[in-house]
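Secondary and tertiary structure notes
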Amino acid sequence: LVDFGDIVVWKSAEECYSDDRVSELKLVLLDIGLPHMNGIELLKLLKSKYPELKILIISGLNSDDTVFDALKFGANGYIWKSETRNLKECVEII
């Protein structure tokens with residue numbers, strides 16, 4: 001766990017899910033390719049526990065199925081890692 005004040009970085013999905021500070025966040029930037037529990041599984045858990053939480057998926061996976069699953073399970077947006085130069089704009093939109 002790394003805490004930069006307004007930004008918190010977790011080393012695993014499990015660490016994120018068990019941290020009560022998630023309830024105070026306005027936005028979670030979430031990768032799909034995580035060890036143990038993947039980002040889609042964490043997305044489902046976070047949205048069931050914190051339905052109002054905004055989640056932006058950032059991933060190198062650009063398959064239609066992955067994007068569809070992320071949006072189906074409550075992601076507020078999906079951006080490819082190759083497009084992160086537009087990250088600020090995406091965050092502002094969400």
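Model, not experiment: these values are computed from the prediction.

Strand order in this open sheet of three strands is β3-β4-β5, and the pairing throughout is parallel. Each of the sheet's edge strands pairs with one partner strand only, and the pair in question is β3 (27-30) and β5 (77-80). For this sheet, the mean angle separating the axes of adjacent strands, direction not counted, is 20°. When strand β4 (residues 54-59) meets β5, the two strands line up parallel, connected through four bridges. Pairing of I58 across the sheet is with I79, part of β5. Docked against the sheet, helix α3 (residues 64-72) engages β4 and β5, running at close to 150° with respect to β5.

Bringing the confidence of the model for the protein into the picture now. Should pLDDT be low for a region, the predicted coordinates there are not to be read in detail. With 94% of its residues at a pLDDT of 70 or more, the protein shows a mean pLDDT of 86. Per-element confidence in the protein is highest for helix α2 (residues 39-49), whose mean pLDDT is 95, and lowest for strand β1 (residues 2-3), whose mean pLDDT is 53.

All chains considered together, the criterion is met by three salt bridges. The residue D31 makes a salt bridge to K81 at a minimum N-O spacing of 2.9 Å. Of this pair, D31 sits in the loop between β3 and α2 while K81 sits in the loop between β5 and α4 (87-93), and the two are 50 residues apart along the sequence. Residue classification places K81 among the partly exposed residues on the basis of a relative accessible area of 40%. One salt bridge connects D69 with K72, and the closest N-O pair in it is separated by 3.7 Å. Of this pair, D69 and K72 are both found in helix α3, three residues apart, which corresponds to roughly one turn of the helix. When its relative accessible area of 49% is taken as the criterion, K72 is described as partly exposed.

The next point concerns the nonpolar core. Ranked by size, the top nonpolar core spans 21 residues in total, and within it L46, I55 and I57 carry the most contacts. Sorting the residues of this core by element identifies α1 (13-17), β3, α2, β4 and α3 as the ones contributing at least two each. Tallying contributions element by element places α2 first for this core, with four residues. Residues in contact with I57, not counting those within four places in the same chain, are L30, I32, A70, A75, G77, Y78 and I79.

The next thing to look at is α3. Buried within α3 we find T66, V67 and A70. For α3, the arc enclosing every buried residue in end-on projection is 95°, short of the 170-degree limit, so these residues lie on one face. Away from the buried face of α3 by more than 90 degrees, exposed residues D64, D65 and F68 are located. G74 lies just past α3 and shows a positive phi near 110°.

Calculation criteria
Residues numbered from 1 in each chain as written. Predicted model: local features only at pLDDT ≥ 70, side-chain atom pairs only at ≥ 80, totals over all residues. Heavy atoms only, no water. Pairing = 2+ DSSP bridges. Helix = DSSP H or I, 4+ residues; strand = E, 2+ residues; numbered from the N terminus. Axes fitted to C-alpha atoms, helices over the stretch in contact; angles between N-to-C directions. Contact = heavy atoms within 4.5 Å. pLDDT = per-residue confidence, 0-100. Salt bridge = Lys/Arg side-chain N within 4 Å of Asp/Glu carboxyl O. Buried < 20%, exposed > 50% of the residue type's maximum accessible area, 1.4 Å probe, protein only. Core = buried A, V, L, I, M, F, W, Y, C linked by side-chain atoms within 4.5 Å. Arc of directions from axis to C-beta.

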